[in-house]
Every structure is written in structure tokens, then in C-alpha cells.
Amino acid sequence: MQAHSDALAISDVGGDSLSPLVGSIATGNNSTARDWLMMLKPRVVLLVVFTGLAGLLVAPGRINPVLAFAAMLCIALGAGASGAINMWFDRDIDAVMKRTAKRPIPSGRIAPDDALGYGVFLAVASVIMMGLATNWFAAMLLTGSIFYYVVIYTMWLKRRTPQNIVIGGAAGAFPPLIGWAAVTGSLSAMPLILFGMIFMWTPPHFWSLSLWAHEDYKRAGVPMLPVVAGAKETRRQILLYTIAMVPFTLLPWYLGYSGPVYGVTALLLGLWFLFDAWRVYTDKQDATGVSLTGDKPAKTCFKYSILYLFALFGAVYVDWAVR
Amino acid sequence: MTDFPPPLSREESLALGKRRRGRNIAMLIALVSVSALFYAISMVKMHAHIGGAG
């Protein structure tokens, strides 16, 4: 449910040869309640819920607040479950990356089998509860999002192709679809546009992170774009994706699904994103594109990209409220 | 013969108890919350069903 998620949670990476070193000594007795919470990647879940709620709010029709709350909880649990299974699968590469080595599994506080059981249980529970509380179409979409993130992205693409985050980005774009479907039991153009917005936002967001974290990915053997194609190409791709994304985010306004509040906000936020992407592209660099400024623009762009998505979907909320 | 792990020190035992208590409390909160949510969902669904039938 969140390819963008990994970046937010600041996760991942590794090598199978390290697997025996990881988790084998974990007994579960060392874990705290907080460790189990962290297995769900709460910061990622927050963004997932925020975007999912937008789909739920702007959908035509009404939903009882209790059922709406249940739907959002199911989206959160499904995303969290995906994160837990991701941490189980990636425990070998998490152990060799600085940013993820302290996670509960590589640090031995939670046993891998326990983590897998936890993730699978929550995934199944979230889908069943979604079906019972709202409708089975929304439950099917939730299942699809979990499957996409766990199987398509984590198990298949992530360690095989530098396009992992592009294709896998769809996993993080599901929440607005699920929120919309929870209300209507169907889909239409608006939730698909919201889906597309997150889908197009994911590459520049994630590649900004991978520009300054590529050593971790390299050590772990994950073929992120900067590792495979180099920093120069990554900078170009960040700019190109941002150029494509900004007009796309104006579609709800252009097509009449949102009003000027959203349109103007999306335009201003997008121009700022473009400015940041341009600064990443023109960062002082050597011949191979490696930054000579400590990747300051990339760090700024990464931080802004998170704020951007929150603000963009916040504008969807506000526009919906004032219309 | 079975090799047993060395006994825990008093500090380790206390820390273990504290972690276990924390996990148990979290589990209790989760179970009570889920029960309450299922109750609320059932009430809403039944109300809608009765309303629809009426």
C-alpha cells in the first residue's frame, strides 16, 4: 500500500547472505509495545490515512461516521500490515543499511516469524473488517493494495529493477481509491486522478531520498536509480517526473471536480516543487552528477515532497469543505 | 541433558516484566477498542437494516 512509504519510513535494503545473522536470536521477549507499533511504519500510515480520507470525503454520497472511521482504520491497518510484512521480507537488507539497522527485526527485538504472523493477521483482519463495515469492492481494493505492495513491489520489483519505485509507486496510490469505494462501492474519474497524483509524486519523492542515501542502497544491493544509472540521470528523472506531475495535479480543477481553492493551491505548491526539482538538477556536482554540496537540494526536495503531498490533499479537503 | 539459559539478574527480570506488562496493556487496549468498534458497526448496520425494512 505504499511504495512512497518506504522512503518516508526511511527503510530498506540488503543481501540474502546476511539472513542467517538476522533475527535468529530474537525471542520476542525483548520487544516493547512500541516495537510492535513501529512494525506498522506509523509515519507512512499517517500519509496513507490522509490521502485515503480525501477519497472518502470527496466521494458523492453519504457514509455513517462510524463506518467511515472503520474504513479509515482498515486502510491504516492494511498499510501497517504491508509494512510489517515488508520488514519481515527485507530483514536481511535492513540489517546492512544504516537507516534501518535499528528496526525491531534486525536488532533482534522481534522474531521474524512473529513479525510475519503479525503482518498476515492484520492484513486479513483489515480486509474482512472493511468488507463487513463498508462493501466488498472496497475490501477487494484493499486486498489489491496489500498484494501490490508486498508481492509486486517488495518481493518482485524492489531488488530487480531501477524502475521499482515507479511501478511500485502504484501501491502507495491506492488509499484514495479505497476511500472512495468505501462510500460508493464503485470508482470514477476523480479517485483515479487522485491515484495518478500519488503515483506521479512517488518517483521524485523517493529518488530525492535515494540521491543522498545511495551508498546504503549500493551496499545492500538494491538497484535504485542512482546506483544503476548514476546521480546525473537521477537528477534529470526527478525534474522530468515533476514537470509531468504538476499539470496532472491540476486536472481535478480543470475537469471541474474541484474548485479554485484547490486549483490555485495545487498550482503554487507545484511551482515550488518544480523550483526544488530544478535546484536538484542544477546542484553543484562533479562529472558523474555526485553532489558537491552534500546533496543539500535533494534533502530539501525530499522534505518538501512530504509537505507537498500533505498540503495538496489538504487543499482537496478545504476545497471540498468550502464548496 | 538440556542446556538451560543462565538465570536472569534482578535488573533483567524487572526489565522483562516491564516490557511484558507494556505489551499486555497495549493488547488489552487493542482488544477493547476492536470490540467497541465491532459493537458500533453492528448497531449502525442493524439500524440501517431496520430503517430500510421499515
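Before any of the text, the structure's been laid out above.
All values reported here derive from a predicted model rather than from experimental measurement.

1. Focus on the interface of chain A and chain B
Tallying the contact residues gives 17 residues for chain A and twelve residues for chain B. Surface buried jointly by chain A and chain B totals about 1,100 Å² across both partners, of which 73% is contributed by carbon and sulfur atoms. Joining chain A to chain B, the criterion identifies zero salt bridges. In this assembly, chain A and chain B are joined by four residue pairs in polar contact (both at pLDDT 80 or more). Where the side of chain A that touches chain B is concerned, the elements lending two or more residues are α2 (33–38), α4 (65–89) and α6 (112–133) of chain A. A per-class count over the side of chain A that touches chain B returns ten nonpolar, seven polar and no charged.

2. Considering the packing of α6(A) against helix α7 (residues 136–157) of chain A
Residues and elements named next belong to chain A. The geometry of α6 relative to α7 is characterised by a closest axis approach of 7 Å and an angle of 160° between their N-to-C directions. With respect to their mutual orientation, α6 and α7 come out roughly antiparallel. In the packing of α6 onto α7, the handedness of the crossing is right-handed. Here Ala123, Ser126, Val127, Ile128, Met130, Gly131 and Leu132 of α6 come into contact with α7, specifically with Trp136, Ala138, Ala139, Leu142, Thr143 and Ile146. A class-by-class count of the residues in the contact of α6 with α7 yields ten nonpolar, three polar and no charged.

3. Re the packing of aromatic side chains
Residue and element names in this part refer to chain A. Summed over the entire model, instances satisfying the criterion amount to 17 aromatic pairs over all chains. Seen in terms of ring centroids, Phe195 and Phe199 are 6.3 Å apart; in terms of plane orientation they differ by 10°. Their pairing is stacked. Remark: Phe199 and Phe195 occur in helix α10 (residues 189–220); sequence separation between them is four residues, near one turn of the helix. Its relative accessible area of 19% is what places Phe195 among the buried residues. Phe199 gets classed as partly exposed once you look at its relative accessible area, which sits at 28%. Consider the rings of Trp212 and Phe302, whose centres lie 5.9 Å apart with planes at 75°: the pair is edge-to-face. On the criterion of sequence distance, the pair formed by Trp212 in helix α10 and Phe302 in helix α15 (residues 296–322) is long-range, its members being 90 residues apart. Using a relative accessible area of 6% as the deciding quantity, one classes Phe302 as buried. The structure contains a cluster of three or more aromatic residues connected by ring pairs, namely Trp272, Phe273, Phe275, Tyr304 and Tyr308. Lying across the ring of Trp212, Lys299 places its NZ or CZ 5.7 Å from the centre.

4. Side note on the pattern of salt bridges
Residues and elements named next belong to chain A. Counting across every chain of the model gives eleven salt bridges over all chains. Two residues, Asp90 and Arg159, come together in a salt bridge whose shortest N-O distance is 2.8 Å. Of this pair, Asp90 sits in the loop between α4 and α5 (91–96) while Arg159 sits in the loop between α7 and α8 (164–168), and the two are 69 residues apart along the sequence. By relative accessible area, Asp90 is classed as buried at 0%. Notably, a salt bridge pairs Arg323 with Asp319, separated by 3.9 Å at the nearest N-O pair. Judged by its relative accessible area of 2%, Asp319 falls in the buried class. Each member of the salt-bridge network shares a partner with another, and the members are Asp90, Asp92, Lys158 and Arg159.

5. A short note on helix α12 (residues 231–249) of chain A
Count 3.6 residues to each turn of an α-helix, and residues three or four apart come out pointing the same way. Residues and elements named next belong to chain A. With 19 residues, α12 should reach 27 Å at 1.5 Å per residue; the first-to-last C-alpha distance of 27 Å fits that figure. The set of residues buried in α12 consists of Ala231, Thr234, Arg235, Gln237, Ile238, Leu239, Thr242, Met245, Val246 and Thr249. The inward-facing, buried residues of α12 abut α10, α11 (225–228), α13 (251–254), α14 (260–281) and α15.

6. A few points about the packing of α4(A) against α6(A)
All names here are of chain A. Two numbers describe how α4 lies on α6: the axes approach to 8 Å, and their chain directions differ by 155°. Considering their axes alone, α4 and α6 lie roughly antiparallel with respect to each other. α6 is crossed by α4, and the crossing has left-handed handedness. Contacts between α4 and α6 pair Leu67, Ala70, Ala71, Leu73, Cys74, Ile75, Leu77, Gly78, Ala81, Ala84, Ile85 and Trp88 from the former with Pro112, Ala115, Leu116, Tyr118, Gly119, Val120, Leu122, Ala123, Ser126, Met129, Met130 and Ala133 from the latter. Of the residues contributing to the contact of α4 with α6, the split by class is 21 nonpolar, three polar and no charged.

7. Describing α14(A)
All names here are of chain A. With 22 residues, α14 extends 31 Å from end C-alpha to end C-alpha; this agrees with the ideal 32 Å at 1.5 Å per step. The set of residues buried in α14 consists of Tyr262, Gly263, Ala266, Leu269, Gly270, Phe273, Asp276, Ala277 and Val280. The arc enclosing the buried residues of α14, seen along the axis, measures out at 155°, which places them on a common side. The exposed residues of α14 that point more than 90 degrees off its buried face are Pro260 and Leu268. Contacts from the buried residues of α14 go to α10, α12, α13 and α15.

8. Thoughts on unusual backbone geometry
Residues and elements named next belong to chain A. The phi dihedral of Lys41 falls on the positive side, at around 50°, and the residue is not glycine. You can see Lys41 is positioned in the loop between α2 and α3 (42–58). Given a relative accessible area of 3%, Lys41 falls into the buried group.

The rules behind each value
- Residues numbered from 1 in each chain as written.
- Chains lettered and ligands numbered in written order.
- Predicted model: local features only at pLDDT ≥ 70, side-chain atom pairs only at ≥ 80, totals over all residues.
- Heavy atoms only, no water.
- Contact = heavy atoms within 4.5 Å.
- Buried area = accessible area lost by both parts, 1.4 Å probe.
- Salt bridge = Lys/Arg side-chain N within 4 Å of Asp/Glu carboxyl O.
- Polar contact = N/O pair within 3.5 Å; in protein donor to acceptor, adjacent residues only side chain to side chain.
- Helix = DSSP H or I, 4+ residues; strand = E, 2+ residues; numbered from the N terminus.
- Nonpolar A, V, L, I, M, F, W, Y, C, P; charged D, E, K, R; others polar.
- Axes fitted to C-alpha atoms, helices over the stretch in contact; angles between N-to-C directions.
- Parallel < 35°, antiparallel > 145°, perpendicular 65-115°, else oblique.
- Left-handed = near helix turned anticlockwise from the far one by under 90°.
- Phe/Tyr/Trp six-rings, centres within 6.5 Å; stacked < 30°, edge-to-face > 60°.
- Buried < 20%, exposed > 50% of the residue type's maximum accessible area, 1.4 Å probe, protein only.
- Lys NZ or Arg CZ within 6 Å of the ring centre and 35° of its normal.
- Expected span 1.5 Å × (residues − 1).
- Arc of directions from axis to C-beta.

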